[in-house]
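Chain by chain, the residues run as shown.
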Amino acid sequence: MNRLHGGKLLGLSLLLASNLALAHAGHDHGGAAEQPPAAHQEKASVRFADVALLDQDGMPVRLEKDLVGDHLVVMGFIYTSCTTVCPVVSSIMSKVQQQLGGRVGEEIRLVSISVDPQRDDSKRLAGYARAFQHGPGWSWLTGSPYAISETLKGLGSFSANLSEHPPLILVGDGRSGHWTRYYGFTDPNVLIGEINRLSARRVHAKSTAIAGQEVRP
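Summary of the structure given here.

Reading the values: the criteria
Residues numbered from 1 in each chain as written. Predicted model: local features only at pLDDT ≥ 70, side-chain atom pairs only at ≥ 80, totals over all residues. Heavy atoms only, no water. Helix = DSSP H or I, 4+ residues; strand = E, 2+ residues; numbered from the N terminus. Expected span 1.5 Å × (residues − 1). Buried < 20%, exposed > 50% of the residue type's maximum accessible area, 1.4 Å probe, protein only. Pairing = 2+ DSSP bridges. Axes fitted to C-alpha atoms, helices over the stretch in contact; angles between N-to-C directions. Contact = heavy atoms within 4.5 Å. Salt bridge = Lys/Arg side-chain N within 4 Å of Asp/Glu carboxyl O.

Topic: helix 3 (residues 85–100)
Three- or four-residue spacings in an α-helix give side chains the same orientation, since the helix completes a turn every 3.6 residues. Over its 16 residues, helix 3 runs 23 Å from end to end, which matches the ideal 22 Å to within 8%, given 1.5 Å per residue. Within helix 3, 14 of the 16 residues are buried, which leaves the element mostly enclosed by the surrounding structure. Just downstream of helix 3 lies Gly 101, where phi reads positive at about 60°.

Structure below.
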């Protein structure tokens, strides 16, 4: 997907989300009369459940060990039968990937987790991902209902009612453990700004450590 088409997709998704009178393929994220939630953020403490998940290629992965590690991470929560809120979240992350370019897959990882594991198998996620993903570094995860619920509880994104699953993107640093939850339809530039801030903190910490070593007798 080229940049022009990606930009059109984000704009179209935002337009669709602003009109929640559209059907939601059986789920409406709270009701057709509701307006899109206002974007806001909060610092977060996360816990990574030690459970096996599957990526879009059907490969088993452990979220913390195999994907987060010491990377900077942008993480979203979606389900493929959602036709309003979730495409917006995925489009926001798509824009983030486009703007970060080659840093994704190296310094930065993108992760999308399905909150509907009973319907979203790896094959279905792979088909969904093709509409949003630009190159490597973005993993789409599903798993058993137990594994997904434990994962979501640890990340603060669990909802017993699928239709009440909020639009949410997590941004954090697997090395330092600093995480922020972004609710609503957050401007991609806000997320990129947080990634760059976390990256700059790493550089500063490294420089400080080197300077400290140099002044030691």
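Concerning the sheet that holds strand 1 (residues 40–44)
The strands making up a sheet are joined through hydrogen bonds of the backbone, oriented either antiparallel or parallel. On the basis of which strands lie adjacent, the open sheet formed by six strands has the order 1-8-7-4-5-6 and mixed pairing. The sheet is open, and its two edges are formed by strand 1 and strand 6 (138–141), each paired on a single side. Sheet twist, expressed as the average angle between the axes of neighbouring strands with direction ignored, equals 20°. Pairing of strand 7 (residues 168–173) with strand 8 (residues 179–183) involves five bridges; the strand directions are antiparallel.

Some words on helix 5 (residues 145–155)
Counting buried residues in helix 5 gives eight out of 11 residues, a clear majority hidden from the surface. Inspection of helix 5 places Ala 147, Ile 148, Ser 149, Glu 150, Thr 151, Leu 152, Gly 154 and Leu 155 among the buried residues, and these make up the whole buried set. Taken together, the buried residues of helix 5 touch strand 2 (53–54), helix 2 (63–68), strand 4 (72–78), strand 5 (108–114), strand 7 and strand 8. Once helix 5 finishes, Gly 156 follows within two positions and takes phi at roughly 75°, a positive value.

Examining the pattern of salt bridges
Considering all chains together, one arrives at nine salt bridges under this definition. With a closest N to O distance of 3.4 Å, Arg 181 and Glu 42 form a salt bridge. Taken together, the residues span a long stretch of sequence, with Arg 181 in strand 8 and Glu 42 in strand 1 at a distance of 139 residues. On the basis of relative accessibility, which here comes to 10%, the residue Arg 181 falls in the buried class. Its relative accessible area of 35% is what places Glu 42 among the partly exposed residues. Two residues, Arg 175 and Asp 70, come together in a salt bridge whose shortest N-O distance is 3.5 Å. Linking Arg 175 in the loop between strand 7 and strand 8 with Asp 70 in the loop between helix 2 and strand 4, this pair joins segments that are 105 residues apart in sequence.

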